[in-house]
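So the chains spell out like this:
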Amino acid sequence: GDLLPADGILIQGNDLKIDESALTGESDHVRKSVDKDPMLLSGTHVMEGSGKMVVTAVGVNSQTGIIFTLLGTGGEEEEEKKEKKGG
């Protein structure tokens, strides 16, 4: 159940299955391999197996960050913190 903190491309994997329900709503675990469907997305959970990935995006540039930004939930807390500090 490790949470993926960044988007990336799988470069080495061993029977890797990912729970992408947080992004897609699909409850089935998705099998990932270097040859077929190597894209790993932040906010998803590793359910089985192991692997190594090259990170391609983090934070607001990741798929989860883009979704939050489009929904208007990204960065609002930061703005509020700056206003409270007077900055």
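These notes cover the structure that comes with them. Source: prediction; values computed, not measured. (Residues numbered from 1 in each chain as written. Predicted model: local features only at pLDDT ≥ 70, side-chain atom pairs only at ≥ 80, totals over all residues. Heavy atoms only, no water.)

**So, the overall build of the protein**
Of the regular secondary structure elements, the protein holds three helices and five strands. Starting at the N terminus, the α and β elements of the protein follow one another as β-β-α-β-β-β-α-α. Sequence-distant contacts in the protein: of pairs separated by 6 or more residues, those separated by 24 or more amount to 64%. For the protein, the computed accessible surface area is about 6100 Å², with 52% contributed by carbon and sulfur atoms. (Helix = DSSP H or I, 4+ residues; strand = E, 2+ residues; numbered from the N terminus. Contact = heavy atoms within 4.5 Å. Areas by Shrake-Rupley, 256 points an atom, 1.4 Å probe, with all protein chains shown as cover.)

**Comments concerning the pattern of salt bridges**
In the structure shown here, the tally under the stated rule is four salt bridges. As a salt-bridge pair, Glu48 and Lys17 come within 3.7 Å of each other at their nearest N and O atoms. Placement of Glu48 in strand 5 (residues 45-57) and of Lys17 in strand 2 (residues 7-19) is noted, with a sequence separation of 31 residues between them. Of the charged contacts, one joins Asp37 and Lys32 as a salt bridge, the two residues approaching to 3.1 Å between their closest N and O atoms. What makes Asp37 partly exposed here is its relative accessible area of 36%. For Lys32, a relative accessible area of 6% corresponds to the buried category. A network of salt bridges, in which partner residues are shared, links Glu20, Lys32 and Asp37. (Salt bridge = Lys/Arg side-chain N within 4 Å of Asp/Glu carboxyl O. Buried < 20%, exposed > 50% of the residue type's maximum accessible area, 1.4 Å probe, protein only.)

**Notes on the pairing of strand 2**
Here strand 2 runs beside strand 5; their pairing, made up of 10 bridges, is antiparallel. Of the residues in strand 5, the one forming a bridge with Asp7 is Ala57. Taken together, the two bridges between strand 2 and strand 4 (residues 39-40) define a ladder with antiparallel strand orientation. Looking at the pairing, Gly8 lines up with Leu40 of strand 4. Bridge count for strand 2 against strand 3 (residues 30-32) is three bridges, and the pairing is antiparallel. (Pairing = 2+ DSSP bridges.)

**Quick notes on the nonpolar core**
Counting six residues, the largest nonpolar core is built from Leu4, Leu10, Leu16, Ile18, Leu40 and Val46. With three residues, the top contributor of residues to this core is strand 2. In this view, Ile18 contacts Leu4, Asp28, His29, Val30, Lys32, Leu40, Thr44, His45, Val46 and Met47; residues no more than four positions away in its chain are not counted. (Core = buried A, V, L, I, M, F, W, Y, C linked by side-chain atoms within 4.5 Å.)

**Section: the pairing of strand 5**
Note on strand geometry: in a regular strand, side chains alternate between the two faces of the sheet. With two bridges joining them, strand 1 (residues 2-3) and strand 5 adopt antiparallel strand pairing. Each residue of the ladder has a partner; that of Leu3, found in strand 5, is His45.

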